[in-house]
2 protein chains.
Amino acid sequence: MDSLLPPELVEKAREVIEKNRAAGRRIAVAESCTGGLVSAALTEVAGSSEVFEAGYVTYSNQAKRSALRVNEDVFDTFGAVSVATAWAMAKGALEASGADVAVAITGIAGPEGGSPAKPVGTVVFARAERDGDPDNVVADSKLFDASGGRAGVRLQAAVCALELLTP
Amino acid sequence: MDSLLPPELVEKAREVIEKNRAAGRRIAVAESCTGGLVSAALTEVAGSSEVFEAGYVTYSNQAKRSALRVNEDVFDTFGAVSVATAWAMAKGALEASGADVAVAITGIAGPEGGSPAKPVGTVVFARAERDGDPDNVVADSKLFDASGGRAGVRLQAAVCALELLTP
C-alpha cells in the first residue's frame, strides 16, 4: 500500500516537505473545510516529522476561537469564510505551534452552506510567516468548480494550500 | 468524485457521525501518527459539522504540550508512544474543544522510529468522555501488521480510532 490519498495530493505534500526541510522551515496548518486533509497528506510522507509541527482542524467557530484565538468579532463582522478569518487562523496557528510558516483554509465544501454571495466552492486561504511583515497580508479567496461535489472541492482546496506552503 | 479516502475509512466515519448525531454527542480527536486522517475521514461526511468539533494534529511533543497541555514529565517518564501520553492527549482534546468525547492516537507508523520495545506498528489509543469516571482510563496499546508500510499502519490505526468513537 503506497498511499491512502490521491496521488496528486501526496506528490504536492512530498514537495512541501522536501523544500521546507531544505529551507530549515517548520510548518503548521489550520484547516476548516479541508478538515485534516492537508495535515494527512503532509504526514503521509515518511520523515515529515522533521518539518510538520502541528495541524489544527478547527471546524466550529468555537474551535477557531479556542485553538487559534480567532476573535469573535471577526466572525460577526466578516463571517467564518472570509479573508479576515483565514488570516486570523493562520496567525493563530503560527503563534500556537511555534512553526515558521502557517497556512489556513476556510471555505464551503458543500453540499449545504452556500449562499449567493458565497456559493459552494468558495474557499479562502491565508499564509502567515514568523518574520513576515504584519502589514503584508497574504490571503486570497477562490471559487472552485463544485461539480465534483464535496470531495472535489476539498481536493482542490488541499492542493492549493500545499502550493502556498511551497517555498 | 465520491471520496478522497479509502472506502472502509469513510464508511466507518459515516457510522461515527450518524450514531453520535443520534446520541447528541460532539466529538474531537487528537492525532499523532495518523496525522489528520481520522479528522479528514470524519469531515468527508456531509453534515459532519453538526458532530465534529475539532481535531488536533499534534505531531511534535511541543505541539502535544501547547495544544493539549500534555505534561513534559509524561514524555520523559513514559515516552510519546504510551498509554499515559494517549490518555493525556485525549483529556487535553476534551478540555480544549469542549466536545463530549475525544479519542487520541499516538504510535509509530514507520518506516523509521521503531525499537525492540516499540516496533513499527505500535499504536496506542485512548478515549476520554466528558462525564466519564476519571479513574476509568480507557486506553489500549496495539501492534498492527506493518507489512503494508506506513500507509497500512495509518489506515489500521484510523479505523481503530473511529471504532472507539462509535457509541
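Residues numbered from 1 in each chain as written. Chains lettered and ligands numbered in written order. Predicted model: local features only at pLDDT ≥ 70, side-chain atom pairs only at ≥ 80, totals over all residues. Heavy atoms only, no water.

**Digging into the interface of chain B and chain A**
Applied cut-off: Whether two residues are in contact is decided by their heavy atoms, any of which lying within 4.5 Å being enough. Put simply, buried area is the surface a 1.4 Å probe can reach on two separate parts but cannot reach once they are joined, added for both. The salt bridge definition used is simple: a Lys or Arg side-chain nitrogen within 4 Å of an Asp or Glu carboxyl oxygen.
Tallying the contact residues gives 40 residues for chain B and 40 residues for chain A. Overall, the association of chain B and chain A removes approximately 2800 Å² of surface from exposure, summing both partners, and the carbon and sulfur fraction of that is 60%. The interface formed by chain B and chain A contains two salt bridges. For E44 of chain B, the salt bridge goes to R154 of chain A, with nearest N and O atoms at 3.0 Å.

**Here we look at the nonpolar core**
Cut-off, in case you're wondering: To qualify as a nonpolar core, a set must consist of buried Ala, Val, Leu, Ile, Met, Phe, Trp, Tyr and Cys residues joined through side-chain atoms within 4.5 Å. The buried label applies to any residue whose accessible area, calculated with a 1.4 Å probe on protein chains only, is under 20% of its type's maximum; exposed applies above 50%, and partly exposed to all values in between.
Counting residues in hydrophobic clusters, the biggest one holds 74 residues, and the most contacted among them are L9, L42 and I105 of chain A together with L9, L42 and I105 of chain B. Setting aside anything within four residues of it in sequence, one finds L42 of chain B in contact with A13, V16, I17, I27, V29, S48, F52, L162 and L165 of chain B. Grouped together as the second largest cluster of nonpolar side chains are 50 residues, A28 of chain A together with A67, A86 and V124 of chain B included.

**Here's the deal with the pairing of strand β2 (residues 52-58) of chain A**
For clarity, the threshold we go by: A run of DSSP states H or I qualifies as a helix once it reaches four residues; a run of E qualifies as a strand once it reaches two. Both are numbered from the N-terminal end. At least two bridges found by DSSP between two strands is the condition for calling them paired. Crossover handedness is defined by viewing with both strands directed away from the observer: a clockwise path from the first strand over the helix to the second marks the crossover as right-handed.
Summarising burial for β2 of chain A: seven of the seven residues are buried, a large majority. Bridging between strand β1 (residues 27-31) of chain A and β2 of chain A involves five bridges; their strand directions are parallel. Within β2 of chain A, the position partnered with A28 of chain A by the bridge is A54 of chain A. The parallel pair β1 of chain A and β2 of chain A is bridged by helix α2 (residues 37-44) of chain A, and the resulting crossover is right-handed. With five bridges joining them, β2 of chain A and strand β2 (residues 52-58) of chain B adopt antiparallel strand pairing. Residue pairing in the sheet places T58 of chain A in a bridge with A54 of chain B of β2 of chain B.

**Structural notes on the relation of the copies chain B and chain A**
Going by this rule: Superposing the copies works by least squares over the C-alpha atoms of residues that have pLDDT at least 70 in both of them.
When chain B is fitted to chain A, the best match, at an RMSD of 0.0 Å, comes from turning it 180° and sliding it 0.0 Å along the axis. Given the turn and translation reported, the copies of this chain are related as if by a two-fold rotation axis. Both copies share a contact surface, since 100% of the interface residues of chain B are interface residues in chain A too.

**Structural notes on the environment of N71 of chain A**
All names here are of chain A. Note the following rule: For the purposes of these results, a polar contact is taken to be a pair of N or O atoms within 3.5 Å, where, inside protein, one atom must be able to donate a hydrogen and its partner to accept one; residues adjacent in sequence count only when each atom of the pair is a side-chain atom.
Looking at where N71 falls in the secondary structure, it is placed in the loop between α3 (61-68) and α4 (72-78). Sequence separation of N71 and G107 is 36 residues, and the distance between their C-alpha atoms is 18 Å. Of note is the side chain of N71, whose polar atom sits 3.0 Å from the backbone nitrogen of D73.

**Describing helix α3 (residues 61-68) of chain B**
Residues and elements named next belong to chain B. Filter applied, for reference: Arc, as used here, means the arc of the directions from the helix axis to the C-beta atoms.
By the burial criterion, the buried members of α3 are A63, K64, A67 and L68. End-on, the buried residues of α3 take up no more than an arc of 105°, which puts them together on one face. Positive backbone phi, approximately 60°, marks R69, located one or two places after α3.

**Things to note about the pattern of salt bridges**
Under the counting rule described, the total for this entry stands at 18 salt bridges over all chains. In this structure, the salt-bridge partner of E50 of chain A is R21 of chain A, at a minimum N-O distance of 3.2 Å. Here E50 of chain A is found in the loop between α2 and β2, whereas its partner R21 of chain A is found in helix α1 (residues 7-23), with 29 residues between them in sequence. Across the salt bridge formed by K142 of chain B and D140 of chain B, the nearest N and O atoms sit 3.8 Å from each other. Residue K142 of chain B is classed as partly exposed on the basis of its relative accessible area of 32%. Within the structure, one salt-bridge network assembled from shared partners comprises R25, R127 and E129 of chain A.

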